Amino acid sequence: MVLHAAAAALDWAMDKSLVLGYTKIGPAVRRAWWPHDPVPGALVGRHVLVTGASGGLGLATARGLAHLGAVVHITGRDASRLDDARTRLLEEQPLAEVTAHVADVSDLAATAEFARRFVAEVPRLHAVVHNAGVMPPRRTVTPEGHELTLATHVLGPHVLTYGLRASLAGGRVVLVTSGGAYGQRLDVDDWEYASGDYSGVTAYARTKRMQLVLTELWARDLASDDIRVHSMHPGWADTPGVTDSLPRFAALTGPLLRDADAGADTAVWLTATADAIGTGGFWHDRRRRATHYAPVGVETPEQVERLWELVREATGVPAAGA
Ligand SMILES: NC(=O)c1ccc[n+]([C@@H]2O[C@H](COP(=O)([O-])OP(=O)(O)OC[C@H]3O[C@@H](n4cnc5c(N)ncnc54)[C@H](OP(=O)(O)O)[C@@H]3O)[C@@H](O)[C@H]2O)c1
């Protein structure tokens, strides 16, 4: 994907300005040069799983994938919210195939069990989109003893990816991360955020940084099964997550926020495109992006390996020697 130099420069400047790139201005301008849409029907007959799809970007991702013909599986913690989401998708697209699964990705044992049942039901999965996300106002520990953003954004997705590995061969993994990761370096010394004053925004951004590193680790490890792994960030989208967790930010940026479909666009595109996009990339508005901007330092190879060790120790997968 070679961009004309002027378009590439404008795209980069928009990204650095944040407001021009992350709001609805981003896709409105970038649409002029971004890669073409996946062909209609690109996903007919293919199963895809989207976590945290009872609302916000997950629901929009499910909508976009169903529009391309996918058999869509959606998850969330609340049965009635999930049921409403499924009903909404079917009202919009009566021929869509949508199955709802109550599954809390922050519960590692339940996630491993969910993956086991899912693989038995769906032996070939085209893609999993790890979208579920939280920004708790205070430090919250799961019954299994993990800080909630770590469990939801890192540990649970890891358990789910490896639980689905056999059915994902030849398929794709997409991690929905955040531009907030740019503000945090990789922290492997206190990854459970056990010390210091807890801030939900910081915990969120730290674990979003971990997701960027995990994308590269998964891409490396899963290449032997021809599973391609990418992360993306949606920009700033108008979702319950933003209005509930960041009300002042939402009030300030309100008219400029992109809608959920525009926020989900790159996740849908990464799942469905036939373009040669390789593996291990970080994307926004259908373009590969840098994972670091100064002044936040790049993690060392030792820190990266330490994260891999920590994740494997905490989850037990992939097992040593696997
Ligand atoms: N909106 C933005 O501008 C923005 C910007 C950057 C990144 N993101 C990322 O985009 C993703 C979606 O964000 P959003 O704004 O759409 O958030 P949202 O409106 O709060 O939606 C989050 C979804 O995740 C589900 N969920 C939360 N915890 C879960 C768990 N443990 N297991 C399963 N599902 C769970 C929620 O459903 P239940 O509560 O019913 O389980 C809900 O469907 C997140 O990863 C977020 O970090 C969003």
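Residues numbered from 1 in each chain as written. Predicted model: local features only at pLDDT ≥ 70, side-chain atom pairs only at ≥ 80, totals over all residues. Heavy atoms only, no water.

### A short note on the overall build of the protein chain
Operational definition: The numbering of helices and of strands both runs from the N terminus, where a helix is a DSSP run of H or I of at least 4 residues and a strand a run of E of at least 2. Our radius of gyration is a C-alpha quantity, and the globule rule it is checked against amounts to 2.2 Å times the number of residues to the power 0.38. The contact rule is simple, with two residues in contact once any of their heavy atoms fall within 4.5 Å. Here, Shrake-Rupley sampling with a 1.4 Å probe gives the accessible areas, and only protein chains in the shown set may cover a residue. Neither His nor the chain ends contribute to the count of charged residues, in which Lys and Arg are positive and Asp and Glu negative. Charge coordinates come from a single atom per side chain, which is NZ of Lys, CZ of Arg, CG of Asp or CD of Glu.
On a plain count of helices and strands, the protein chain comes out with 12 helices and eight strands. Whereas a compact globule of 322 residues would reach a radius of gyration of roughly 20 Å, the protein chain reaches 18 Å, a difference of no more than 12%. The principal-axis extents of the C-alpha atoms in the protein chain amount to approximately 45 × 45 × 40 Å. Considering only intrachain contacts with a sequence separation of at least 6, the fraction spanning at least 24 residues in the protein chain is 75%. Element-wise, carbon and sulfur atoms account for 56% of the exposed surface of the protein chain, whose accessible area totals about 14000 Å². Looking at the protein chain, you have 31 positive and 36 negative side-chain charges, and the mean spots of the two groups are 4 Å apart.

### Notes on the site of the ligand
Just so we agree on the cut-off: Note on terminology: near, applied to a residue and a molecule or strand, indicates that one of the residue's heavy atoms is within 4 Å of it. Whenever two N or O atoms come within 3.5 Å, that pair is a polar contact, provided that in protein one can donate a hydrogen and the other can accept it, and provided that, for residues adjacent in sequence, both atoms are side-chain atoms. When residues are grouped by polarity, Ala, Val, Leu, Ile, Met, Phe, Trp, Tyr, Cys and Pro land in nonpolar, Asp, Glu, Lys and Arg in charged, and all others, Gly among them, in polar.
The ligand sits among 31 residues. The nearest are L57, N131, Y204, A237 and T239. Interatomic distance of 2.8 Å between a side-chain N/O atom of S54 and an oxygen atom of the ligand. Between the ligand and R81, the relevant distance is 2.9 Å, taken from an oxygen atom to a side-chain nitrogen or oxygen of the residue. Coverage of the ligand by the protein amounts to 91% of the 890 Å² it exposes when considered alone. Residue assignment for the shell around the ligand shows that the elements contributing at least two residues are α4 (56–67), α8 (200–222) and α9 (240–245). Here the element with the most residues in the shell around the ligand is α9; it accounts for three residues. Among the residues making up the shell around the ligand, the classes are represented as 13 nonpolar, 13 polar and five charged.

### With respect to empty space enclosed by the protein
The test is simple: We place a 1 Å grid over just the protein atoms. Points where a 1.4 Å probe fits but has no way out form a cavity, open points with protein on both sides within 12 Å along at least 5 of 7 lines form a pocket, and any residue with an atom within 4 Å of a point lines it. Grid points are joined across faces, edges and corners, and a volume is the space filled by probe spheres set on the points.
A full pass over the atoms with the stated rule returns one cavity of 30 Å³ or more. When its volume is computed, the largest cavity comes out at roughly 30 Å³. E147, T149, D190, W191, Y193, A203, R206, T207 and M210 together form the lining of the largest cavity. No other element matches the four residues that α8 contributes to the lining of the largest cavity. Looking at side-chain class alone, the lining of the largest cavity contains four nonpolar, two polar and three charged residues.

### Quick notes on the packing of helix α7 (residues 148–168) against α8
To be explicit about the condition: Axes here mean lines fitted to C-alpha atoms, for a helix over just the part in contact, with angles spanning 0 to 180 degrees between N-to-C directions. Our angle categories are set so that under 35 degrees counts as roughly parallel, over 145 as roughly antiparallel, 65 to 115 as roughly perpendicular, and the remainder as oblique. Helix crossings fall into two classes, left-handed where the near helix is turned counterclockwise from the far one by less than a right angle and right-handed where it is turned clockwise.
Look at α7 against α8: their axes get within 8 Å of each other, and the N-to-C directions meet at 20°. By the criterion of interaxial angle, the relationship of α7 to α8 is roughly parallel. Handedness of the α7/α8 crossing: right-handed. Packed against α7, whose contacting residues are T149, L150, H153, V154, P157, H158, T161, Y162 and R165, the element α8 presents A203, Y204, T207, K208, M210, Q211, L214, W218, D221 and L222 at the interface. For the contact of α7 with α8, the residue count by class is 10 nonpolar, six polar and three charged.

### Thoughts on a nonpolar patch on the surface
Our working definition: Here the term patch refers to residues with relative accessible area over 30% and no salt bridge, with like charges joined within 9 Å and nonpolar side chains (Val, Leu, Ile, Met, Phe, Trp, Tyr) within 5 Å. Salt bridges are counted wherever a side-chain nitrogen of Lys or Arg sits within 4 Å of a carboxyl oxygen of Asp or Glu.
A contiguous nonpolar patch, built from L18, V19 and L256 and spanning about 210 Å² of accessible area, is present on the exposed surface. Here V19 shows up in helix α2 (residues 19–22).

### Some remarks on the layout of surface pockets
Looking at the largest pocket, its volume works out to about 1200 Å³. Taken together, 46 residues line the largest pocket, and the ones lying closest to its centre are G133, V134, Y204, T239 and G241. At the level of secondary structure, the elements contributing two or more residues to the lining of the largest pocket comprise α4, β2 (71–76), α7, α8 and α9. At five residues, the largest contribution of residues to the lining of the largest pocket is made by α9. Split into classes, the residues belonging to the lining of the largest pocket amount to 19 nonpolar, 21 polar and six charged. By volume, the second largest pocket is sized at about 420 Å³. Among the secondary structure elements, those contributing two or more residues to the lining of the second largest pocket are α4 and α11 (260–272).

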